[in-house]
Amino acid sequence: MNLIKKQTAGSWITLITLVLAVVSLIVYNVNVNGEGYFQNSTVPKAVTYMIVAIVLLAVIVILAQVNMKGIAGLVLDLAAGAVKIAAPAAAVAAAMTLVSSRIEGFAFIYMSNEEVLHEVQTAANLSSAHGAIANIVLLAAAAVFGMAAAFFSLKKEEA
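What counts and what doesn't
- Residues numbered from 1 in each chain as written.
- Predicted model: local features only at pLDDT ≥ 70, side-chain atom pairs only at ≥ 80, totals over all residues.
- Heavy atoms only, no water.
- Helix = DSSP H or I, 4+ residues; strand = E, 2+ residues; numbered from the N terminus.
- Buried < 20%, exposed > 50% of the residue type's maximum accessible area, 1.4 Å probe, protein only.
- Lys, Arg positive; Asp, Glu negative; His and termini not counted.
- Salt bridge = Lys/Arg side-chain N within 4 Å of Asp/Glu carboxyl O.
- Contact = heavy atoms within 4.5 Å.
- Patch = residues over 30% accessible without salt bridge, like charges linked within 9 Å, V, L, I, M, F, W, Y side chains within 5 Å.
- Areas by Shrake-Rupley, 256 points an atom, 1.4 Å probe, with all protein chains shown as cover.
- Axes fitted to C-alpha atoms, helices over the stretch in contact; angles between N-to-C directions.
- Parallel < 35°, antiparallel > 145°, perpendicular 65-115°, else oblique.
- Left-handed = near helix turned anticlockwise from the far one by under 90°.
- Nonpolar A, V, L, I, M, F, W, Y, C, P; charged D, E, K, R; others polar.

Participant: What should I look at first to understand the side chain of Arg-102 in this one?
Facilitator: Its location among the elements puts Arg-102 in helix H4 (residues 70–110). Buried and unpaired, Arg-102 has Glu-104 as its nearest opposite-charge partner, separated by 11 Å. In this view, Arg-102 contacts Tyr-28, Val-32, Phe-38, Ser-41, Val-43 and Ala-132; residues no more than four positions away in its chain are not counted.

The following block contains the structure:
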């Protein structure tokens, strides 16, 4: 219970960001392994960026629990500040990589000619496209939450 009381708004927002990033990775895996247009259409670069973002967010959560004084505390605060910037950047990179790799598929599914629209807009293809959109939205939300968390302190000021 004492651990929960020690958390700041920055810690909670970072934790929410971490959950969003993990959920986006799960949605990505479901989307790639499910039926539809994007089945087996992996984007290894985006996965790498997602994993980097998740690891960095986990590091931020862990650094929030460490309390050091002096030079070590200053170095730890500088490292936490750098990681607070790098984590949302990795989430943005993952989202942009997914957008650039999925945009042609979105155009094919949603904007095909009227003659082939009924063949292209199958339930599986639409589900696959919706999963990809959900993944991108989750990554974008993680990036925004991560950027917001960077403006908050990870530690409560001692009186």
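Additional details are given in the paragraphs that follow.
Participant: Would you mind going over the environment of Pro-88 with me for this structure?
Facilitator: Following the sequence through the fold, Pro-88 ends up in helix H4. The class of Pro-88 is buried, set by a relative accessible area of 6%. Taking C-alpha positions, Pro-88 is 9.1 Å from Leu-56, a pair spaced 32 residues apart along the chain. Not counting residues within four places of it along the chain, the set of residues in contact with Pro-88 comprises Val-83, Ala-143, Gly-146 and Met-147.

Participant: What am I meant to see in the environment of Ile-109 here?
Facilitator: Residue position: Ile-109 is located in helix H4. Taking C-alpha positions, Ile-109 is 52 Å from Asn-67, a pair spaced 42 residues apart along the chain. Non-local contacts of Ile-109, meaning those with residues more than four positions away in its chain, are made with Tyr-37, Phe-38, Leu-117, Val-120, Gln-121, Asn-125, Leu-126 and Ala-129.

Participant: Sorry, what's going on with a nonpolar patch on the surface here?
Facilitator: Together, Trp-12, Leu-15, Val-19 and Val-23 make up an exposed nonpolar region whose accessible area comes to about 320 Å². Looking at where Val-19 falls in the secondary structure, it is placed in helix H2 (residues 9–33).

Participant: Which parts of the structure should I look at to understand the packing of helix H3 (residues 44–65) against H4?
Facilitator: Angle between the axes and distance between the axes: these two values describe a pair of packed helices. Between H3 and H4, the shortest axis-to-axis distance is 8 Å and the interhelical angle comes to 155°. Considered as vectors, H3 and H4 are oriented roughly antiparallel to each other. The handedness of the crossing between H3 and H4 is left-handed. Residues of the contact of H3 with H4, tallied by class, amount to 21 nonpolar, 1 polar and 2 charged.

Functional significance is not addressed by these values, which are geometric in nature.
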